[in-house]
Amino acid sequence: MIAATGFTNVEGYGGLFDDIPALKAMLDAEGLHMSSSHMGLDLVEGDPDRAVSIATGLGMSRVYVPHLAPDQRPKDGAGWTAFGKRLAKAGAPLRDAGLVFGWHNHDFELDDLGSGDTPLDMIITASDELSLELDLGWLRFAGHDPLAWIAKYGSRISAVHVKDIAPNGSCTDEDGWADMGHGVMDWNAIMPALATAGISHFVMEHDNPKDHARFASRSLATLKTF
């Protein structure tokens, strides 16, 4: 369905990587390429050789750590800065293998730490070696302006999750998310800002679509208008 809709690339995640040759064969059969992926910090930090093998075996160009369990999250800015340094160190083997490596945000990294900064600020500024896959939908969900973040960290952003939010009270059976172009996100402003920042890796996402084919086709149709 994804290939027939017109996509040529997909983004993977840890649960897919039990059998890399089989996964590669399935992708190849549909003419799809896994150009980026999410990998857990436990894999990247605990078994970097396997992380590199997965990424290179599938021909990836980008790898992002996407999450930190609530009980592992730092409590202050210094803690988040230390986490950013830890993340950068963990990603060294992937960077050495020629991969872009960094962090993918949700909303918990966007809380105000009391100084006007957020955990995401602390992570990104902890090391110049970290890249960012910016999830635009979670930014808006957390009450932030995606345009401000693109302007602030454009040179550090190597990919974005293109994600829309439904108008208040609608799509409640889809957790309030919407297909790209069918929600409240101002893509007419966001897409030019991404282009100006030189960002060209777009990952379409919907956390809970009732109809996957509808989401894929409508979102790709919207993206193609830009």
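Refer to the preceding data block for the structure.
By convention here, each chain's residues receive numbers from 1 onward along its written sequence. Since the coordinates come from a predicted model, pLDDT governs what is reported: local features require at least 70, and pairs of side-chain atoms require 80 or more to be given and counted, while whole-chain, interface and lining totals use all residues. Side-chain calculation: all heavy atoms of the structure are included, whereas hydrogens and water are not.

K.L.:
Mind laying out the packing of helix α9 (residues 146–153) against helix α10 (residues 187–196), listing which residues take part and the relevant values?
P.N.:
Closest axis-to-axis distance for the α9/α10 pair is 10 Å, and the angle between their directions is 5°. In terms of axis orientation, α9 runs roughly parallel to α10. Taken together, the residues of α10 that come into contact with α9 (itself represented by Pro146, Leu147 and Ile150) are Ala189, Ile190, Ala193 and Leu194. Under the grouping applied here, Gly and all other residues not named as nonpolar or charged are polar, the nonpolar ones being Ala, Val, Leu, Ile, Met, Phe, Trp, Tyr, Cys and Pro and the charged ones Asp, Glu, Lys and Arg. In the contact of α9 with α10, the residues fall into seven nonpolar, no polar and no charged. Here the axes come from fitting lines to C-alpha atoms, over the contacting stretch only for helices, and the angles between their N-to-C directions go from 0 to 180 degrees. Helix and strand definitions here come from DSSP, where helices need a minimum of 4 consecutive H or I residues and strands a minimum of 2 consecutive E residues; each element is numbered from the N-terminal end. Here the angle decides the label: under 35 degrees means roughly parallel, over 145 means roughly antiparallel, 65 to 115 means roughly perpendicular, and every other value means oblique. In what follows, residue pairs with any heavy atoms lying within 4.5 Å of each other are defined as contacts.

K.L.:
Explain helix α11 (residues 212–224) to me, and be specific about the residues and the numbers.
P.N.:
Because an α-helix completes one turn every 3.6 residues, residues spaced three or four positions apart along the sequence face the same direction. Along its 13 residues, α11 runs 18 Å from first to last C-alpha, staying within 8% of the 18 Å computed at 1.5 Å per residue. All buried positions along α11 are accounted for by Phe215, Ala216, Ser219, Leu220, Thr222 and Leu223. Looking down the long axis of α11, one finds its buried residues gathered within 160° of arc, a one-sided arrangement. Lining the buried residues of α11 we find α1 (2–5), α10 and β9 (202–204). Pairs of N or O atoms are called polar contacts if they sit within 3.5 Å, as long as, within protein, a hydrogen donor faces a hydrogen acceptor (for residues adjacent in sequence, only side-chain-to-side-chain pairs). At the N-terminal boundary of α11, the capping side chain belongs to Asp211, with an oxygen 3.1 Å from the backbone nitrogen of Ala213. To estimate the expected span of a helix, count its residues, drop one, and scale the result by 1.5 Å. Three labels apply to residues, based on accessible area from a 1.4 Å probe with only protein chains included: buried if under 20% of the type maximum, exposed if over 50%, partly exposed otherwise in between. Throughout, the arc means the angular range of directions from the helix axis out to the C-beta atoms.

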